[in-house]
Structure formats: structure tokens, C-alpha cells
Amino acid sequence: MTRIYNFSAGPAVLPQPVLEQAAAEMLDWHGSGMSVMEMSHRGPEFISIYREAEADLRELLRVPANYKILFQQGGGLGQNAIIPMNLLGRAGPDPVIDFVHTGSWSGKSIKEARRYARVNVAASSEASRFDHIPPQDSWRLTPGAAYLHVCTNETIDGVEFQFAPTVQGDTVLVADMSSHILSRRIDVSQYGVIFGGAQKNIGPAGVTVVIVREDLLGQALPICPSAFDWKNVADNESMYNTPPTYGIYIAGLVFKWLKAQGGVDAIEQRNIEKAKLLYAALDADDFYQNRVAPECRSRMTIPFYLRDESLNESFLAGAKARGLLQLKGHKSVGGMRASIYNAMPIEGVQALVDYLNEFAGR
Ligand SMILES: *Cc1c(COP(=O)(O)O)cnc(C)c1O
């Protein structure tokens, strides 16, 4: 068996011990005689899997008791519609949604939100090709906005919030943390809604984690599908309809793995080291280039360019020959991208750094 180092942005690398355990339990989960995939979501076996996953995630992120954790389907993009449908019922007539436009993913959220309400782009870094996060003192927020939506790690553009934005009055802070949730310590109580597709840093595609403050439930717009009304989902422990059971099981194994690694604080230290190692190699000379302002650089998703782009194909071919895969940048921005999520070991980053040095030397 050969395992490569997988730098994919998502679906992405999973911890090997998690995959091994899932393989060992595939045919017979804990003496049940069944695979997790074959279990009723309402049976005691799956309910125990679900409750442990929920409790472990709550512990890892120190989610306060007045927040619900939901495991939904529909992905990050699904939430771009589910969020307005759930939050606009509590707003007055002609509500406004504030956004900070920091890259491709917040851009998609803006586009979708326009179908539901007036949108105010309070700040944007588009003019400089999303190379930084505009500082909060430059944002033009709307007094009384229903909510402020930010994407705290722009997976394609490689910018990451190093701070939690503040909101005034009843405005709810909503954060798309798809590509860096669980990579660093956050204070959940500063947010009204946190969401993320699992396939970046949590588990397999098909699960979307939503962490929502309880007082925001039960105010969905009448058009909101019942299965996406957070109140229904919360009241039924994410089993209003059939949840993505196998994905939740794998996510639960990832949470256990993360706890065994020392939890979020410990993994954050490792993520800092991994990012430092990679940026140092990219900055070493002008052969490679990362265009993001240093104080806004992502620790998780790191785009870079070869100064001489005619070498792109040979760079990727050489990487592949060394077992370093999925380094091609997103088609919208070109270049390269290394996603170094929690499950990417430092050895993988070191192997990439060695290759970067070797290729630049040639
Ligand atoms: C991947 C990603 C999404 C989209 O997730 P889907 O599950 O494909 O809908 C949204 N936001 C961010 C920040 C992402 O990285």
C-alpha cells in the first residue's frame, strides 16, 4: 500500500488512524453485526455514535450550553440559502445583510443572499485581488443589519481572519469556517452562527456542521423547507430527516483523533509550525510567490505561484513523482495551492518544502 501526501483543498486528507479504524469496523461495528452505513439512524447504536460525536465536538470547541450543534446536509453553499431563510424571520421589513467580501467563498455567499434581502458589502478586498482582510475599523456596517456574514478562511484566496469581528445591537455574527474550523481556538460565544462543510477539516463530504445560538432558532421564514429549519433540526437531534450517518460517524472518529492529539490548542500549535515552515520556503527567494499580506495569510490553505509560470506543468509532474499530490491551484486563480489541514502531518509539509527547494535549485 502506498499513501501519498494529499494537499487537496477538499475533500481532503483524513487522519490515517481514522481510516484504519473505519476499515476495521466496516463489516461489524462494535459487535452489532452491521456496518454503520446499514444502521437505522433511530436505533440505539447510531444514536450513541451521534451523541458522542456531538459531545466531542462541543468539548473540542468549548461550545457553550446555549448553542446547538447541528449535522446537516447541503454543504457550505446550501447554508448560503439556509442561513437567510432561518435568520430573516426575526428581522423587520426590508432587512439588510452585511458582508465582508474577502474572496471567492464570501462572494458566492453574497450572490445567494441577494435572493433573500438587500445586501450591503461593508468592505471588500476585491480591488487588490483579495490579498488581505480589510481591517474592521474600515468596514461600513449597517446599523440594525439582520446579520453580518464573514468567511473566516478563504479557501481559494488564502486569507484568514486573525480576529473575531464585532457586531452591534441585535445584529448576528455569522461565520463560514468551512476550511479552518477546529484548526485554531475560537470563542464560540462571539458568534451567532458558525458553519462549515465537513470535507475540509472534519470528515467526508456530505456533512455540514452548524453551531447556532439557541435564541436564533424558531424564527425561520415561512418559505424555509422544514428539513432546513434549524429549529426542527435541533429539536430532533439532527434527525428530523435522515442525517448523513456514515459521515457523522467518520467525523466522530476525527474528533476522537483530535482529542488524542491534545485537542484544538495542541493542533493549533502544530498548524502554526507547519504554516511557518511552508511560508519560509516560499519567501526564501523570488522563485515562488505568495501574494497575501503576511498578517492575513492562511495557516490552512496556501496559494502560491511560480515566478515563471511556464514551469507549472513540470513542477506538478515532479511533485507527483514524489508522492505530493493535488497541488494545482483553483482554476479561478491558477498557480498552486497547498492545503495543510489538521490531518496533514508535518512530515508532509517538510516533504513539500524539500521539493520546493530542490525544484527551485534546478
Ligand atoms: C468548500 C467551501 C464551501 C462550499 O462547500 P460545499 O460543501 O461544496 O457547498 C463554502 N465555503 C468555504 C469557505 C469553503 O471552503
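Scroll up to find the structure this text is about.
Cut-offs applied
- Residues numbered from 1 in each chain as written.
- Predicted model: local features only at pLDDT ≥ 70, side-chain atom pairs only at ≥ 80, totals over all residues.
- Heavy atoms only, no water.
- Near = heavy atom within 4 Å.
- Polar contact = N/O pair within 3.5 Å; in protein donor to acceptor, adjacent residues only side chain to side chain.
- Areas by Shrake-Rupley, 256 points an atom, 1.4 Å probe, with all protein chains shown as cover.
- Helix = DSSP H or I, 4+ residues; strand = E, 2+ residues; numbered from the N terminus.
- Nonpolar A, V, L, I, M, F, W, Y, C, P; charged D, E, K, R; others polar.
- Salt bridge = Lys/Arg side-chain N within 4 Å of Asp/Glu carboxyl O.
- Buried < 20%, exposed > 50% of the residue type's maximum accessible area, 1.4 Å probe, protein only.
- Pairing = 2+ DSSP bridges.

A.B. asks: Could you give an account of the site of the ligand, naming the residues involved and the relevant values?
C.D. replies: In the vicinity of the ligand, the contacting residues are Gly 75, Gly 76, Leu 77, Trp 105, Cys 151, Asn 153, Thr 155, Asp 176, Ser 178, Ser 179, Gln 199 and Lys 200. Gly 76 is positioned with one of its backbone polar atoms (N or O) 3.1 Å from an oxygen atom of the ligand. Contacts to the ligand include Thr 155, whose side-chain N or O atom sits 2.4 Å from an oxygen atom. In isolation the ligand has 390 Å² of accessible area, and contact with the protein removes 86% of it. Here the shell around the ligand takes 3 residues from helix H3 (residues 75-87), the largest share from any one element. In the shell around the ligand, the residues fall into 3 nonpolar, 7 polar and 2 charged.

A.B. asks: Any details on the pattern of salt bridges? Residues and values, ideally.
C.D. replies: According to the stated counting rule, one finds 17 salt bridges in the structure shown. The shortest N-O distance in the salt bridge between Arg 118 and Asp 94 comes to 3.2 Å. Taken together, the residues span a long stretch of sequence, with Arg 118 in strand S4 (residues 118-124) and Asp 94 in the loop between H3 and strand S3 (96-101) at a distance of 24 residues. When its relative accessible area of 48% is taken as the criterion, Arg 118 is described as partly exposed. By relative accessible area, Asp 94 is classed as exposed at 52%. Note that Arg 213 is salt-bridged to Asp 215, the shortest N-O span being 2.6 Å. One salt-bridge network, held together by shared partners, links Glu 52, Asp 56, Glu 59, Lys 256 and Lys 259.

A.B. asks: Go over the pairing of strand S9 (residues 193-197), please, and point to the residues and values.
C.D. replies: The element S9 is largely enclosed, with a buried count of 5 among its 5 residues. Burial along S9 is two-sided: the face carrying Val 193, Phe 195 and Gly 197 and the face carrying Ile 194 and Gly 196 are both buried. Two strands pair when backbone bridges link them, and strand S8 (residues 172-176) and S9 are joined in this way by 3 bridges, in the parallel orientation. By the bridge assignment, Ala 175 is partnered in S9 with Ile 194. Pairing analysis gives 5 bridges linking S9 to strand S10 (residues 208-213), with the strands arranged antiparallel. In the strand pairing of S10, Val 193 is matched with Val 212.

Taken by themselves, the reported measurements are silent on function.
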